[in-house]
Amino acid sequence: MKKNLILTGMMGVGKSTIGKALSKKLNMNFVDIDKLIEKNENTPIFKIFEKKGEKYFRDLEKQTTLKELKKKDSVISLGGGAFMNKEIRSLVLNTACSFWLDLKIKTIEERIKNSNKRPLLNKKNLRFSLNEIYNSRKDVYNLSNHKIDCNEFSLTDIVKSIVNLYENKRN
């Protein structure tokens, strides 16, 4: 049985895209925690934030993530804030192989500027909001087993790099 491979990082870095490609390459299940929450709640995340608040969402995220982490043979894309939770982070670091996908704020801004599905962002000053969130999370993201710089590399190169690190870590 393979250890779970966990992807963490800011919204818009490509956790879902990279996770899907990794799961195919490694022949593992792919779980996108945010999509799973939306499916289980039958509601988009931004609506959950809007109607029930961030605390409700974070509790749901914790419960869903801890349940998925107990399964094996999965590539799991965490929500952007999930790794901030000590219980989630501890389980990830003790049972899985984790990767922080890092990307320049300017690139993230370009990717998500037209999305209205990001509940933590101030649309009037997107760059400021992104910088604030990034600066409050980067030290915790950095606790991951590996940091992957996604700035200058193609999807294929990023996947190849993660696969090499993941397979060497297991042996």
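Below is a summary of the structure that appears in this document. In this text the structure is predicted, and so the values were computed from the model without any measurement.

Attention now moves to the overall build of the chain. When helices and strands are counted, the chain shows seven helices and five strands. Taken from N to C terminus, the helices and strands of the chain fall in the order β-α-β-α-α-β-α-β-α-α-β-α. What you see for the chain is a C-alpha radius of gyration of 15 Å, in line with the 16 Å of a compact globule of 171 residues. Dimensions of the chain, computed from C-alpha atoms along their principal axes, come out at roughly 45 × 35 × 25 Å. Within the chain, the proportion of its 171 residues that are buried is 46%. When contacts within the chain are restricted to residue pairs at least 6 apart in sequence, those whose partners lie at least 24 apart make up 71%. Of the roughly 9400 Å² that the chain leaves accessible, carbon and sulfur atoms contribute 46%.

For any two helices packed against each other, one specifies the inter-axial angle together with the distance between the axes. Remark: helix α2 (residues 33–41) packs on helix α3 (residues 45–69), axes separated minimally by 10 Å, with the N-to-C direction vectors making an angle of 115°. Comparing their axes, α3 and α2 come out roughly perpendicular. Like other packed secondary-structure pairs, α2 and α3 cross with a definite hand, here right-handed. Between α2 and α3, the residues in contact are Ile33, Asp34, Leu36, Ile37, Glu38 and Glu41 and Ile45, Ile48, Lys52, Tyr56, Phe57, Leu60, Glu61, Thr64, Thr65 and Glu68, respectively. Taken together, the residues of the contact of α2 with α3 sort by class into eight nonpolar, two polar and six charged.

According to the stated counting rule, one finds nine salt bridges in the structure shown. Residue Glu87 pairs with Lys62 through a salt bridge whose shortest N-O separation is 2.8 Å. With Glu87 in helix α4 (residues 86–95) and Lys62 in helix α3, the pair connects residues that are 25 residues apart, well separated along the chain. Across the pair Lys147 and Asp102 runs a salt bridge, and its minimum N-O distance is 3.5 Å. Taken as a pair, Lys147 in strand β5 (residues 146–149) and Asp102 in strand β4 (residues 97–102) lie far apart in primary sequence, 45 residues in all. Connected through salt bridges with shared partners, the residues Glu54, Arg58 and Glu61 form a single ionic network.

Conventions used here
- Residues numbered from 1 in each chain as written.
- Predicted model: local features only at pLDDT ≥ 70, side-chain atom pairs only at ≥ 80, totals over all residues.
- Heavy atoms only, no water.
- Helix = DSSP H or I, 4+ residues; strand = E, 2+ residues; numbered from the N terminus.
- Rg over C-alpha atoms; globule rule 2.2 N^0.38 Å.
- Buried < 20%, exposed > 50% of the residue type's maximum accessible area, 1.4 Å probe, protein only.
- Contact = heavy atoms within 4.5 Å.
- Areas by Shrake-Rupley, 256 points an atom, 1.4 Å probe, with all protein chains shown as cover.
- Axes fitted to C-alpha atoms, helices over the stretch in contact; angles between N-to-C directions.
- Parallel < 35°, antiparallel > 145°, perpendicular 65-115°, else oblique.
- Left-handed = near helix turned anticlockwise from the far one by under 90°.
- Nonpolar A, V, L, I, M, F, W, Y, C, P; charged D, E, K, R; others polar.
- Salt bridge = Lys/Arg side-chain N within 4 Å of Asp/Glu carboxyl O.

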